[in-house]
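# A look at the structure
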Amino acid sequence: MGKWTVLRQRLHEAWLYRYGYKWAPRCHQRYIEKLRQRQMPVRVAFFVLNISMWKYQGLHDLLRRDERFKVYTVLSPGLGYQTEQQLRDLRQMRQYFNDRQIDYIDWQLENGAPPTDIRKTINPDIVVYMQPYHGVYHPLHCFLKFTDRLILYTPYSFVQAQDPYNYDNVMQNIAWKQYFPTDCHIDDARRLARNKGVNMVAAGYASADEFLLPLAAPSAVCPAIVGSPDDTPWLDKPHTRRRLIWAPHCTLANDGSVFSRSNFLMMADYMVQLAQRHTNDLQIAFKPHPGLLTELYKHADWGRERADAYYQLWRQMPNTQLADGPFVELFRGSDAMVHDSGSFVVDYLYFNRPVMYVTRDIQRAKSFVNLPGKEAYDAHYVGATLDDVEHFVDDVVLAGHDTMTSVRQAFFDRFLARPNGKTVAENMYQDILTSLF
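One structure accompanies this document, and this report is about it. Being a predicted model, the structure only gives us computed values, none of them experimental.

Rules and cut-offs
- Residues numbered from 1 in each chain as written.
- Predicted model: local features only at pLDDT ≥ 70, side-chain atom pairs only at ≥ 80, totals over all residues.
- Heavy atoms only, no water.
- Helix = DSSP H or I, 4+ residues; strand = E, 2+ residues; numbered from the N terminus.
- Expected span 1.5 Å × (residues − 1).
- Bend = angle between axes of the 7 residues up to and from the residue.
- Buried < 20%, exposed > 50% of the residue type's maximum accessible area, 1.4 Å probe, protein only.
- Polar contact = N/O pair within 3.5 Å; in protein donor to acceptor, adjacent residues only side chain to side chain.
- Contact = heavy atoms within 4.5 Å.
- Pairing = 2+ DSSP bridges.
- Axes fitted to C-alpha atoms, helices over the stretch in contact; angles between N-to-C directions.
- Phe/Tyr/Trp six-rings, centres within 6.5 Å; stacked < 30°, edge-to-face > 60°.
- Lys NZ or Arg CZ within 6 Å of the ring centre and 35° of its normal.
- 1 Å grid on protein atoms, 1.4 Å probe; cavity = no way out; pocket = protein on both sides within 12 Å on 5 of 7 lines; lining within 4 Å.
- Points joined across faces, edges and corners; volume = space filled by probe spheres on them.
- Nonpolar A, V, L, I, M, F, W, Y, C, P; charged D, E, K, R; others polar.
- Arc of directions from axis to C-beta.
- Left-handed = near helix turned anticlockwise from the far one by under 90°.

We now examine helix H8 (residues 264-277). Residue pairs spaced three or four apart in an α-helix point in one direction, given the helix's 3.6 residues per turn. For H8, spanning 14 residues, the distance from its first C-alpha to its last is 19 Å, which sits close to the expected 20 Å at 1.5 Å a residue. The largest bend in H8 is about 25 degrees, located at Tyr270. Those residues of H8 that fall on the buried side of the exposure criterion are Phe264, Met267, Ala268, Tyr270, Met271, Val272, Leu274 and Ala275.

As structure tokens, this is what we get:
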């Protein structure tokens, strides 16, 4: 992309941020009026970054079954990753949609081909994004190509940080619809976003539909604990060892800020040694953030060769596995988790299993987050040192001395129930229908 195109995009983005939120609602309404007069389906394009962040399957299914819509699935791996990571994401996306017999618009990145220009080929009415930031998607797929259309967004994680970063970027201010988990998030947007969150709807957390049983299931116990361990991706079948997930974040600097919290460099060698000491009683799944490998490639003390060898080691040890795909069934079949991932702070609480958050300053971590985020941290064991992690593994995971079951259940009951007695996908779908038709 030429420098003048980049400059035009930057100027366009700056203008949208300053003024776009003011005219966006009127433009949306005018476009909807045109759609109502058309005698053809509403064209919806889902831009899929990777499978780990893909939270729209329920909505995707509902729209595909409605003859008023024509749904397109566009594979669009993120630009911020190394080519190896992009290709890995592409392969996983292809496999995922092939398994479900869902047609998709591919990107032949292996051949150096550019992505399809969706504006020219599909000319969608609604565009659906997994991330709201400029520079994540290829320019041909960027939201800046569709500012005159209806932009839809829901965060792939349970937003916790009370920070403008989560509410006040350009796309969020001009989007048609934003579906967030709770009314707490709308209250945050009223304070932090230029558009005061006028386009936000509390529909529930998008991942809940994957995590929870059907609504008719009893709720006396955590309703997410379902399925046989043999239905999960765990390699120790039958389930003879305790199954522990280690899920490190990708921000290696760890300067204490809300977006820099990884303890990977501290824990990398220790977790290998832990697995080697517990060959007979512990199965460990290494579940890295999708961006960790790229960060390790760039790190002065790691680099490509060391990082690739480390990932390969987790594939080869007798009681370990590399889990770099979807995580729901991994969570469902697990016994416990150790992590420093912001999105998993809430996600894993759906399963009411023992979980430790690794941080040297839990109060600082909690100072950035909203009310649900604070209480989610309070439902975790906290590890500031490797000794804390060792004690959690020995006493809680292996010995079974879990004292926080009721705390996790109380959090689930308060914050994780879905609004309106419906699935999150149904809440989004019904809101779209009401707004369009």
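Looking at the secondary structure, you find Gln57 in helix H2 (residues 57-64). By relative accessible area, which is 14% here, Gln57 ends up buried. A polar contact of 2.9 Å, which involves the side chain of Gln57, links it to the side chain of Trp54. Setting aside its immediate chain neighbours within four residues, Gln57 contacts Arg64, Tyr96, Phe97, Arg100 and Ile102.

This next bit is on the sheet that holds strand S8 (residues 282-286). Across the sheet, six strands lie side by side as S9-S8-S7-S10-S11-S12; this open sheet has parallel pairing. Pairing within the sheet leaves two strands with one partner each, and these edge strands are strand S9 (320-322) and strand S12 (381-383). Recorded for the sheet is a direction-independent mean angle of 20 degrees between the axes of neighbouring strands. Alignment of strand S7 (residues 242-247) against S8, held across five bridges, turns out to be parallel. Among the inter-strand pairings, Leu244 is bridged to a residue of S8, identified as Ile284. Packed onto the sheet, helix H15 (residues 386-398) meets S7, S8, strand S10 (336-339), strand S11 (355-358) and S12 and runs at close to 175 degrees relative to S11.

Turning our attention to the packing of aromatic side chains. Aromatic rings in a pair are described by how distant their centres are and how their planes are angled relative to each other. Evaluated as defined, the whole model comprises 42 aromatic pairs. Here a set of aromatic residues connected by ring pairs shows up, and it is made of Phe158, Tyr205, Phe211, Phe327, Phe331, Phe344, Tyr348, Tyr350, Phe351 and Phe412. Over the face of the ring belonging to Tyr17 we find Arg194, whose NZ or CZ atom lies 4.6 Å from the ring centre. Positioned over the ring face of Trp302 is Arg306, at 3.8 Å from the centre of the ring.

Moving on, we come to the layout of surface pockets. In this structure, the second largest pocket encloses a volume near 270 Å³. Along the wall of the second largest pocket there are 16 residues; nearest its centre are Gln57, Gly58, Leu59, Asp209 and Ala425. If you list the elements that add at least two residues to the lining of the second largest pocket, you get H2, helix H7 (208-211) and helix H17 (424-436). The leading source of residues in the lining of the second largest pocket is H2, at five residues. Tallied by class, the residues present in the lining of the second largest pocket amount to eight nonpolar, three polar and five charged.

When helix H6 (residues 183-192) is considered as a whole, its buried residues turn out to be His185, Ile186, Asp188, Ala189 and Leu192. All buried residues of H6 fall inside an arc of 160 degrees around its axis, so they share one side. Exposed side chains of H6 directed beyond 90 degrees from the buried face belong to Asp183 and Arg191. Elements in contact with the buried residues of H6: strand S5 (177-180) and strand S6 (200-202). N-capping of H6 is provided by Thr182, with a side-chain oxygen placed 3.2 Å from the backbone N of Cys184.

Taken N-terminus to C-terminus, the directions of H8 and helix H10 (residues 303-316) make an angle of 35 degrees; their axes are 12 Å apart at the nearest point. As for the relative orientation of H8 and H10, their crossing is left-handed in sense. Side by side, H8 and H10 meet where Phe264, Ala268, Met271 and Val272 of the first sit next to Tyr310, Leu313 and Trp314 of the second. Of the residues in the contact of H8 with H10, the class split is seven nonpolar, no polar and no charged.

A word on unusual backbone geometry. Here Lys237 and Pro238 are connected by a cis peptide whose omega angle stands at 5 degrees. Its location among the elements puts Pro238 in the loop between H7 and S7. The backbone of Asn123 sits at a positive phi, close to 55 degrees, despite the residue not being glycine. In this fold, Asn123 is placed in the loop between helix H4 (118-121) and strand S3 (126-129). Accessibility expressed as a relative area gives 27% for Asn123, which makes it partly exposed. Phi is positive for Asn420, which is not a glycine, with a value near 65 degrees.

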